[in-house]
2 protein chains.
Amino acid sequence: MGPLDSYLPYLLNRAGARIATAFNEEVRPLGATLQIWRVLAALREHDGRRMGDLSDTTSIEVSTLTRLVDNMEQKGLVARRRDANDARAILLHVAPAGRRLTQRILPIAERYEAVALAGFSAGETEVLKAALRRLYANMDELES
Amino acid sequence: MGPLDSYLPYLLNRAGARIATAFNEEVRPLGATLQIWRVLAALREHDGRRMGDLSDTTSIEVSTLTRLVDNMEQKGLVARRRDANDARAILLHVAPAGRRLTQRILPIAERYEAVALAGFSAGETEVLKAALRRLYANMDELES
DNA sequence: CCCATTTATTTGTAAATGCAAATATTGGTC
DNA sequence: GACCAATATTTGCATTTACAAATAAATGGG
């Protein structure tokens, strides 16, 4: 392996960590965290998700997620409901305070997207996003 | 903001988290962790680094790093030495066990690079890496 | 229809994390 | 040369995290 900054996982982590840290600081005054935002964003895309589903889409480990959701529930951001068709499962729903918080975080999220991609053309942006999806998919190879 | 999987920080985190989790599992049997590897890899590139320098290059928060290094020192992987020119600073050096561990992890790291980038041409790979460096640099904008 | 297996979530517990404060040292200024 | 702000690291402490085990419910085979 050559220099560190030619090593893909290194570059990936470095960029991700930097964005994550900055974003986290920014939403803190709103009483949120990056992880809370991840859950809210996932619910914004599709409300009433299972814990396992949320864990997959947010990349938050499921036992960590349980406790995060405990916390969000206490804050009135979300509500747990038993799935009527499968009593093992929980369906997590946004609550009004969660919707309000989402609306406050959205512009910050959009700003981060813009800042991170400053100077990228629409084409370059698409190539990058496609590559990131491909990286993710490539990891299937090691899961088996 | 549109669908989650068109949101750059999401894609970045998702890919990074997946690689990190898998890598971490893989090095665990060797008595290592991803964070330990990050430190070893940074020292491999340039031995005798300051804590702050290491924190920057590994993206590990400096107070976390202190304790990680305590741990690595106990395992005989690294050694702290006071900087002779500046008694505030520590210079961290690999120790023999650290070098051996590095040698055992290197092939795993190379495999991860290969798996993640499977199907990418050399050109595509370079475009991706350049983009990740650019993302990182773009975040300067928010630091001020 | 009962049992064993699988799936979904939570809980126990130890370790990792990160902010803030403390400590140590340097370097410049008066 | 003493003092003060800046820099480097560590420590205190509360929170977050993650592995493993526990709990609960569904599913399918006999």
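Refer to the structure printed above.
The sections below set out a description of the structure shown in this document. (Residues numbered from 1 in each chain as written. Chains lettered and ligands numbered in written order. Predicted model: local features only at pLDDT ≥ 70, side-chain atom pairs only at ≥ 80, totals over all residues. Heavy atoms only, no water.)

**Overview of the side chain of S55 of chain B**
Step number 1: Turning to its location among the elements, S55 of chain B is positioned in helix α3 (residues 51-58).
Step number 2: Judged by relative accessible area, which is 12%, S55 of chain B ranks as buried. (Helix = DSSP H or I, 4+ residues; strand = E, 2+ residues; numbered from the N terminus. Buried < 20%, exposed > 50% of the residue type's maximum accessible area, 1.4 Å probe, protein only.)

**Quick word on the protein's contact with DNA strand C**
Step number 1: In the vicinity of DNA strand C there are 20 residues, among which G52 and R67 of chain A together with S63, R67 and R88 of chain B approach most closely.
Step number 2: Near the protein, within 4 Å, the atoms of DNA strand C are sugar or phosphate in 66% of cases.
Step number 3: In the environment of DNA strand C, a base oxygen lies 2.9 Å from a nitrogen or oxygen atom belonging to the side chain of R88 of chain A.
Step number 4: At 2.7 Å from a base oxygen of DNA strand C is found a side-chain nitrogen or oxygen belonging to R67 of chain B. (Near = heavy atom within 4 Å. Polar contact = N/O pair within 3.5 Å; in protein donor to acceptor, adjacent residues only side chain to side chain.)

**Thoughts on the interface of chain B and chain A**
Step number 1: The interface is formed by 58 residues belonging to chain B together with 58 residues belonging to chain A.
Step number 2: Together, the buried faces of chain B and chain A total about 5,600 Å²; carbon and sulfur atoms form 62% of this surface.
Step number 3: Between the two partners, chain B and chain A, sit 6 salt bridges.
Step number 4: Two residues, D5 of chain B and R133 of chain A, come together in a salt bridge whose shortest N-O distance is 3.9 Å.
Step number 5: On the surface where chain B and chain A come into contact, there are 22 residue pairs in polar contact (both at pLDDT 80 or more).
Step number 6: Elements that contribute at least two residues to the side of chain B that touches chain A include exactly α1 (8-27), α2 (34-45), α3, α5 (96-116), α6 (122-138) and α7 (140-143) of chain B.
Step number 7: Considering each element in turn, the side of chain B that touches chain A owes the most residues, 14 residues, to α1 of chain B.
Step number 8: The residue inventory of the side of chain B that touches chain A, partitioned by class, reads 33 nonpolar, 9 polar and 16 charged. (Contact = heavy atoms within 4.5 Å. Buried area = accessible area lost by both parts, 1.4 Å probe. Salt bridge = Lys/Arg side-chain N within 4 Å of Asp/Glu carboxyl O. Nonpolar A, V, L, I, M, F, W, Y, C, P; charged D, E, K, R; others polar.)

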